[in-house]
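Topology and contacts: notes
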Protein chains: 2
Amino acid sequence: MVRIMSARENILCVGLCCLDIVSLVSHFPKEDTDQRCLEQRWQRGGNAANNSTVLGLLGAKAAFLGTIADSHEKRFLLDDFAKYGVNTEKVVVCKGCECSTSFVILSRASASRTIIHSNKNLPELSVDDFAQVDLTPYQWIHFEGRNVANVAQMIKLVREHNKGLPQGEFITTSVEIEKAKPELEALIPLVDVVFVSKDFAVFKGYSNMAETLEGVKAMAHPGAVVVCPWGEEGASACQGSEVMVCSPAFPPANVVDTLGAGDTFNAATIFALAHGSSLEDSIRFGCRIAGAKVGVIGWEPLRGLLGSGTLLLKKEASLAT
Amino acid sequence: MVRIMSARENILCVGLCCLDIVSLVSHFPKEDTDQRCLEQRWQRGGNAANNSTVLGLLGAKAAFLGTIADSHEKRFLLDDFAKYGVNTEKVVVCKGCECSTSFVILSRASASRTIIHSNKNLPELSVDDFAQVDLTPYQWIHFEGRNVANVAQMIKLVREHNKGLPQGEFITTSVEIEKAKPELEALIPLVDVVFVSKDFAVFKGYSNMAETLEGVKAMAHPGAVVVCPWGEEGASACQGSEVMVCSPAFPPANVVDTLGAGDTFNAATIFALAHGSSLEDSIRFGCRIAGAKVGVIGWEPLRGLLGSGTLLLKKEASLAT
């Protein structure tokens, strides 16, 4: 169904890395009240940064490309990438900038995650930054849907690169359309795999996964894969004229931390597709790993749960047959 | 009405100093959404720390006493005290501790301030710490209502100190009962001036300022002053058997930042009382300065608005007559 992947397994995630200051509260605050949080922690965040964490945990050779402020948070962020085996050699360090920060309120009562994001002066990755990266090692390049004009140019550079290669060595491109922003639509026709969030779907007026896939497929290039996760309802996906495939969600007994759940789904689905799994197996794998994530706090406990990503994939395939 | 104050004008504020990470948002977030803030800033916070800022702005010789973590935020916090002329010589620096932090969400739409507080391991001020402070320079010592067992002992030390002095040189003690916590009640009978917040009043089942004053007066020592600010309704106060006095609020044309409004009221009222103003003039002065505060963002713009606190007090007295 999805094109055959080469033996390379380097996956590059392009997008934002920020500091998440996570406050765990017993319940989401009522406006104009004071409360004490149960716990506060620093966590590396940003969609692409999270994608690379999950890919690293699954055992992929993952790399992150994005800008990072030359502030006192830099050491924490780079050390944390290293903890998950994510290559950050290509990261663009920006002098005199402040770290992009998200304040995250995690509610123990509802497992919701509410985010207030702040970005003072950290520049976005430029096309020049991207053009300086040797693309040869990569099998897959995933782009976070932001910084649209530049990212569109970057995707075009990847397509230029592909032109000189035999089809089996093409770099696959994917993009995540997460935020409810109309300008993100411009990225949909450019890539091989499109991830569309429920937020974006609702913003576009789609009321379920099937409608979303139909609508986004019409914008995507022919033959592109469109994937749509829908929270507790699981995920669906389609490719070209083939029939839509679906997976249920795999919620854990206790949902404790949904921060990064979408990033986990996307990364795990990419991991499976990049290893040649079928589209149906891949989104079920994505749902299963996302389900494991929301059952634990942060990323570290996933290490023990996931073990080897390729072994898990084989298990997934055998469960499906 | 209030006892005559001496010529000393050193006012010591005892309580918490923390880092406020303030995010200005267009509207208070709905649970489980993402949004970008309009602005994010660091600000020194904590009730007693804020009290001392306002006293410094009014021109009092203000000092702060509390614990402070020996973390990288320390320099920021101490420099910021210095900016407002607040003496921090007595501050207790705690090695190996993390800075107490409040995440504050300011809504531009409603001017609300919602606080999520985190305190990992910063110890409270001990009775020993307090006992080492020479109380002689102080005319007034204000305690933030927290750390109840220790603060009760500290107040007793001040009363011991007063025993050896002529009545005109007594150190006046005050306490702010702000949080809806039953254990704070134990501090009410110990001091000369009690500030009771609307939050605490509502928690006690009082439905307006008059009820609150009656109820708290019964717990306070005979002759004590009880002051109760009530947001947009202004403030009321009473002393012993004398009739209750009231002040309206003085809201600015645009309310933009209510963070620290209560601290401002308390500090300005203390400033007025410490300068011998009548109880009625003092709470009206408190309401007026708090009204000025909520019309500006942060503390710095108050500098120009306030000018000399003693001149403002004279103006207040002449307006009243």
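The sections below set out a description of the structure shown in this document. All figures in this text were calculated on a predicted structure; none of them were measured in a lab. (Residues numbered from 1 in each chain as written. Chains lettered and ligands numbered in written order. Predicted model: local features only at pLDDT ≥ 70, side-chain atom pairs only at ≥ 80, totals over all residues. Heavy atoms only, no water.)

Regarding the sheet that holds strand β2 (residues 18-25) of chain B
The strand order β3(A)-β9(B)-β8(B)-β2(B)-β4(B) describes an open sheet built from 5 strands, whose pairing is mixed. With partners counted over all chains shown, the strands left at the sheet margins are β3 (34-36) of chain A together with β4 (39-45) of chain B, one partner each. The average angle at which neighbouring strand axes cross in this sheet is 20°, direction not considered. Pairing geometry for β3(A) and strand β9 (residues 113-118) of chain B, over 3 bridges, is parallel. Bridged to D34(A) within β9(B) is I115(B). Where helix α2 (residues 73-83) of chain B meets the sheet, it contacts β2 and β4 of chain B, and its direction lies at approximately 70° from that of β4(B). (Pairing = 2+ DSSP bridges. Helix = DSSP H or I, 4+ residues; strand = E, 2+ residues; numbered from the N terminus. Axes fitted to C-alpha atoms, helices over the stretch in contact; angles between N-to-C directions. Contact = heavy atoms within 4.5 Å.)

Observations concerning unusual backbone geometry
All names here are of chain A. Despite not being glycine, A111 has its phi angle at roughly 60°, a positive value. Positive phi outside glycine occurs at N147, with the angle close to 50°. Its place among the elements puts N147 in the loop between β10 (138-144) and α4 (148-163).

Description of helix α6 (residues 209-219) of chain A
Within the span of α6(A), buried status applies to M209(A), T212(A), L213(A), G215(A) and V216(A). Regarding α6(A), its N-cap is N208(A), as a side-chain oxygen of that residue lies 3.2 Å from the backbone nitrogen of A210(A) further along. (Buried < 20%, exposed > 50% of the residue type's maximum accessible area, 1.4 Å probe, protein only. Polar contact = N/O pair within 3.5 Å; in protein donor to acceptor, adjacent residues only side chain to side chain.)

Some words on the nonpolar core
Membership of the largest hydrophobic core comes to 123 residues, with the highest contact counts inside it found for L58(B) and F285(B). Setting aside chain neighbours within four positions, we find F285(B) in contact with L58(B), A268(B), F271(B), A272(B), G309(B), L312(B), L313(B) and E316(B). (Core = buried A, V, L, I, M, F, W, Y, C linked by side-chain atoms within 4.5 Å.)

Considerations on the packing of helix α1 (residues 47-58) of chain A against helix α7 (residues 261-274) of chain A
The description of two packed helices rests on the angle between their axes and on the distance between the axes. Residues and elements named next belong to chain A. Here α1 crosses α7 at 50°, and the two axes come no closer than 8 Å. The angle between α1 and α7 falls in the class oblique. Pair α1 / α7 crosses with right-handed handedness. On the side of α1, the interface is formed by N47, N50, N51, V54, L55 and L58, while α7 contributes D263, T264, N266, A267, A268 and F271. Looking at the contact of α1 with α7, its residues break down into 6 nonpolar, 5 polar and 1 charged. (Parallel < 35°, antiparallel > 145°, perpendicular 65-115°, else oblique. Left-handed = near helix turned anticlockwise from the far one by under 90°. Nonpolar A, V, L, I, M, F, W, Y, C, P; charged D, E, K, R; others polar.)

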